[in-house]
Amino acid sequence: GLLLHSFGGSLETAERLIPLGAYFSFPGYFAHERKTRQQDVFRRLPRERVLIETDAPDQLPPPAGQGRDYGSGFWAQQKMGILRMLGIDKETKA
């Protein structure tokens, strides 16, 4: 398998990589309203292949992510922003 860190590629690329065991990490920055293409790709990926980026604290979802490094203590905030963007209720197991 392989991990595509902060994956920003196309759905077509992802579909070619999934059979190879690929996982795709989603940085909080992609939850920004301008990142519609990346959001669409992640919504269409198999949920079991989507990971939350944990080592990019400078890429928090809006409104917190304003280009500042918030440190790893904001991982929960990043997780919640991404779950909201993907339309997953926090009580639902992803």
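Residues numbered from 1 in each chain as written. Predicted model: local features only at pLDDT ≥ 70, side-chain atom pairs only at ≥ 80, totals over all residues. Heavy atoms only, no water.

**Student:** What is the right way to look at the nonpolar core in this model?
**Tutor:** Where a protein is soluble and globular, its nonpolar side chains tend to be buried together. Counting residues in hydrophobic clusters, the biggest one holds 20 residues, and the most contacted among them are L4, F7, F24, F26, F42, L45 and L86. Where this core is concerned, the elements lending two or more residues are α1 (11-17), β2 (22-26), α2 (36-44) and α3 (75-86). With four residues, the single largest contributor to this core is α3. If near-sequence neighbours (up to four positions away) are discounted, L86 is found in contact with F42, R43 and R47. (Core = buried A, V, L, I, M, F, W, Y, C linked by side-chain atoms within 4.5 Å. Buried < 20%, exposed > 50% of the residue type's maximum accessible area, 1.4 Å probe, protein only. Helix = DSSP H or I, 4+ residues; strand = E, 2+ residues; numbered from the N terminus. Contact = heavy atoms within 4.5 Å.)

**Student:** Please explain the sheet that holds strand β1 (residues 2-4) as it appears in this structure.
**Tutor:** To summarise the sheet geometry, strands pair through backbone hydrogen bonds and adopt either a parallel or an antiparallel arrangement. Taken together, three strands build an open sheet; the order of strands is β1-β2-β3 and the sheet is parallel. The open sheet has two edge strands, β1 and β3 (50-52), and neither has a second partner. Going across the sheet, the axis of each strand differs from the next one's by a mean of 35°, ignoring polarity. The strands that α3 touches are β2 and β3; relative to β3, the one it contacts most, it runs at about 145°. (Pairing = 2+ DSSP bridges. Axes fitted to C-alpha atoms, helices over the stretch in contact; angles between N-to-C directions.)

In short, shape yes, function no, at least from these values alone.
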